[in-house]
Amino acid sequence: MAGPRDRAWVGPVALIIALGLSAQPLPGWMAPARPDWVALVLIYLGIHTPQRLVLVQAVVAGLLLDALQGTPLGQHVLALVLCCYLPLKLHLRLMLVPIWQTMLLTAVFTAIYQFVMFWINGATGNDIGAAFYLWPLASNAIVWPLLLTLLDRARLGRRSSD
Amino acid sequence: MPAGTPGVHRVSTGPALGLRTFLCAAAAVLLMLVDQRTTLTEKPRAVLMTLVYPIQEAVAVPAQLLDWSDDATRTRAELARENNRLKRERLLADARLQQLNAIRAENDRLREMLDARPRVGASVRVAQILEVDTDPFRHRVVINKGGNDGVFERQAIIDANGVVGQVLRAGPVSATVLLISDPGHAVQVEVVRNGLRTVAFGSGDYDQLEIRFLPNNADIEVGDLLVTTSLSGDYPAGYPVAEVVAVEQQPRQAFARVTASPAAALTRMREVLLLSPTAAPQSAATETEEATDDGGT
């Protein structure tokens, strides 16, 4: 819960690290399953710090991601903004859900992100096989608990989140 | 938010959230349309590319450290061996260059006789590839030279062996390069042996290009070298692109299946060369040859 001891700088810093991770070279067999780090961080921020202009952060991160990956400006913005909507909308309920269920929900939220990417890639003639968009969903669900723990620690200090 | 109302997030609940999401999404769609259809977004994109450049540099650090430690832990014997090998290669290359000068002089004379325009010279500059991943399904790399160093969009890029690709987007300090193996890339080529013109498409596989739309009876063989032509658009003519590795006649189809492997070492290169066409036919690179030409004839 956002309280007085909540650290405001954690969100932007986590987003910058996530941008770096999305440009980090991976071995060939792992590259298709790269987690959508930026989307995951934004989902976290949407659930836990909804008062902090998460949509604005999503727009800025999306623009930087577009510049980083050479995609049409706005592609990642649209995907990230739509991906943030449900976590923001349902944040009070989502905080009460057990971790294993949020893992599944994360896959659902990032499926929205991947669907928008798929749709725009198709529209701009950069289409790849549809199956390749499914791999990140699994890795997103797997890294979610780790991300949750790390960001809770960073944001709230040693005190546990609930 | 006043401290007395814990748990109430007045800015993020209610219908306003849906409206704000819609506005952001609509703005993103509009931005995409503007980006695809006009050139208005070039400046903002350059700013964004400069902003993310530190991130790209930081991400490339581990790979650079590996390179550095590889260099730092070489033994003397290894270095001596490499030095010997390089000297040998240099000698061979020099020997070949001597012939090249004579042939170029001859070519210039013949072109003059034919009243053909002299070939456009090109000057090159070296850029380093940043070890940065963009997208596993697009073949793009980031180089550490940008608009400030004279890099421009659609500029041709080669390595020591052949054509690498062209600049897709040039920021002020970095640029994104589209490789010839990207599925969205195509370049017109000709077979050196007989001048047959065709188009080499990227296949999405680093060591394969597809030569589509060649009829089954086209005169093309395994081992044929494909080079750029004067119709290759952004590429200057005569640079090697690929070598044909498989020709498969398909009797029931209109076209043969021809695949080629890129001449450039697309996955192993560290440095690439940026080609800049020079306005005058006698470029700095060819000036010395011109001098020897005058002396010789």
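Residues numbered from 1 in each chain as written. Chains lettered and ligands numbered in written order. Predicted model: local features only at pLDDT ≥ 70, side-chain atom pairs only at ≥ 80, totals over all residues.

**Re the overall build of chain B**
For clarity, the cut-off: Secondary structure elements follow DSSP: runs of H or I of four or more residues count as helices, runs of E of two or more count as strands, with numbering from the N terminus. To sort residues by burial, count the other C-beta atoms lying within 10 Å of each one's C-beta; a count of 20 or more means buried, 12 or fewer means exposed, and anything in between means partly exposed. C-beta atoms are built from the backbone.
Within chain B, the regular secondary structure consists of four helices and twelve strands. Per-residue burial for chain B yields a buried fraction of 27% across its 297 residues.

**Some details on the overall build of chain A**
The following threshold applies: Atoms considered for the radius of gyration are the C-alpha atoms alone. The globule rule reads 2.2 Å times the number of residues to the power 0.38. C-beta atoms are first placed from the backbone for all residues, and any pair lying within 7 Å is then listed as a contact.
The helix and strand inventory of chain A stands at seven helices and zero strands. Along its sequence from the N terminus, chain A presents helices and strands in the succession α-α-α-α-α-α-α. In terms of overall size, chain A behaves like a compact globule, its C-alpha atoms giving a radius of gyration of 15 Å where 162 residues would be expected to give roughly 15 Å. Scored against the burial criterion, the 162 residues of chain A give a buried share of 45%. Of all intrachain contacts in chain A linking residues separated by at least 6 positions in sequence, the fraction that spans at least 24 positions is 69%.

**Quick notes on the sheet that holds strand β10 (residues 240-248) of chain B**
Residues and elements named next belong to chain B. For clarity, the threshold we go by: For two strands to be treated as a pair, DSSP must find at least two bridges joining them. Interaxial angle, 0 to 180 degrees, is taken between N-to-C directions of lines fitted to C-alpha atoms, where a helix line uses only the stretch in contact.
One closed barrel accounts for six strands, arranged β6-β7-β8-β11-β10-β9; its pairing is antiparallel. Strand-to-strand twist of the sheet, defined as the mean angle between neighbouring strand axes without regard to direction, takes the value 40 degrees. Two strands pair when backbone bridges link them, and strand β6 (residues 186-191) and strand β7 (residues 197-202) are joined in this way by five bridges, in the antiparallel orientation. Residue pairing for β7: E190 is matched across the bridge by R197.

**What to know about the sheet that holds strand β1 (residues 122-130) of chain B**
Residues and elements named next belong to chain B. One closed barrel accounts for six strands, arranged β1-β2-β5-β4-β3-β12; its pairing is antiparallel. Direction aside, neighbouring strands of the sheet carry axes that sit 45 degrees apart on average. Sheet topology places strand β2 (residues 140-143) next to strand β5 (residues 175-179); four bridges connect them, and they run antiparallel. Paired with V142 across the strands is T176, a residue of β5.

**Points about the domain arrangement of chain B**
So the rule is basically this: Where each domain begins and ends follows an automated or database-derived domain assignment.
Parsing chain B into structural domains produces domain 1 (74-121 + 282-297) and domain 2 (124-277). Each of domain 1 of chain B and domain 2 of chain B was reduced to a C-alpha centroid, and the two centroids are 24 Å apart.

**Description of helix α6 (residues 99-123) of chain A**
Residue and element names in this part refer to chain A. Cut-off, in case you're wondering: A helix is expected to span 1.5 Å for every residue after the first.
Taking 1.5 Å as the rise per residue, α6 with 25 residues should run 36 Å; its terminal C-alpha atoms sit 36 Å apart, in good agreement. All buried positions along α6 are accounted for by T102, T106, F109, T110, Y113, Q114, V116, M117 and I120. As for α6, its buried residues are in contact with α2 (37-48), α4 (75-89), α5 (91-94) and α7 (135-156). Positive backbone phi, approximately 75 degrees, marks G125, located one or two places after α6.

**Here we look at the interface of chain B and chain A**
Our working definition: Polar here means any residue other than Ala, Val, Leu, Ile, Met, Phe, Trp, Tyr, Cys and Pro, which are nonpolar, and Asp, Glu, Lys and Arg, which are charged; Gly is therefore polar.
Contact with chain B, which involves 39 residues of that partner, is made by 35 residues of chain A. Those elements giving two or more residues to the side of chain B that touches chain A turn out to be α1 (15-37), α2 (42-72) and β4 (163-170) of chain B. Of all the elements, α1(B) adds the most residues to the side of chain B that touches chain A, at eleven residues. Taken together, the residues that form the side of chain B that touches chain A break down as 21 nonpolar, nine polar and nine charged.

**Overview of the packing of helix α1 (residues 10-23) of chain A against α2(A)**
All names here are of chain A. Worth spelling out the cut-off: Note on angle classes: values under 35 degrees are labelled roughly parallel, values over 145 roughly antiparallel, values of 65 to 115 roughly perpendicular, and the remainder oblique. Here a crossing is called left-handed whenever its near helix is offset anticlockwise from the far helix by less than a right angle, and right-handed whenever the offset is clockwise.
Interaxial distance between α1 and α2 falls to 8 Å at its minimum, and their mutual angle equals 160 degrees. Viewed along their axes, α1 and α2 adopt a mutual orientation that is roughly antiparallel. Considering how the two elements wind past one another, α1 and α2 form a crossing that is right-handed. Along the contact surface, α1 presents G11, A14, L15, A18, L19, L21 and S22, while α2 presents W37, V38, V41 and L45. Among the residues forming the contact of α1 with α2, the class breakdown is nine nonpolar, two polar and no charged.

**Describing the packing of α2(A) against α6(A)**
Residues and elements named next belong to chain A. Close contact between α2 and α6 brings their axes to 10 Å; oriented N to C, the two are set at 125 degrees. In this view, α2 runs oblique relative to α6, as classed from their interaxial angle. When you trace α2 past α6, the crossing you get is right-handed. Facing A39, L40 and I43 of α2, the residues of α6 in contact are T106, F109, T110 and Y113. Considered class by class, the residues forming the contact of α2 with α6 number five nonpolar, two polar and no charged.

**Looking at the confidence of the model for chain B**
Residues and elements named next belong to chain B. Note the threshold: A score between 0 and 100, pLDDT records how confident the predictor is in each residue.
Looking at chain B as a whole, the pLDDT averages 83, with 87% of positions reaching at least 70. The low-confidence segment residues 1-12 (pLDDT under 50) makes nine contacts with residues lying over four places distant or belonging to another chain. Across residues 279-297, confidence stays below pLDDT 50; counting only partners more than four residues off in sequence or on other chains, it has 21 contacts. Across the predicted assembly, pTM comes out at 0.77 and ipTM at 0.87.

**Quick look at α7(A)**
Residue and element names in this part refer to chain A. The condition that has to hold: One fitted axis covers the seven residues ending at a residue, a second covers the seven starting there, and the bend at that residue is the angle between these axes.
With 22 residues, α7 should cover 32 Å at 1.5 Å per step; its first-to-last C-alpha distance of 32 Å lies within 8% of that length. Taking the largest bend as the criterion, α7 deviates by roughly 40 degrees, centred on V143, and proline P145 comes between one and four positions later. In the core, the buried residues of α7 are packed alongside α1, α2 and α6.

**Some points on unusual backbone geometry**
Residues and elements named next belong to chain A. A positive phi angle, close to 55 degrees, is found at L53, a residue other than glycine. Residue position: L53 is located in the loop between α2 and α3 (54-69). Look at L53 and you get partly exposed, because 16 C-beta atoms sit within 10 Å.

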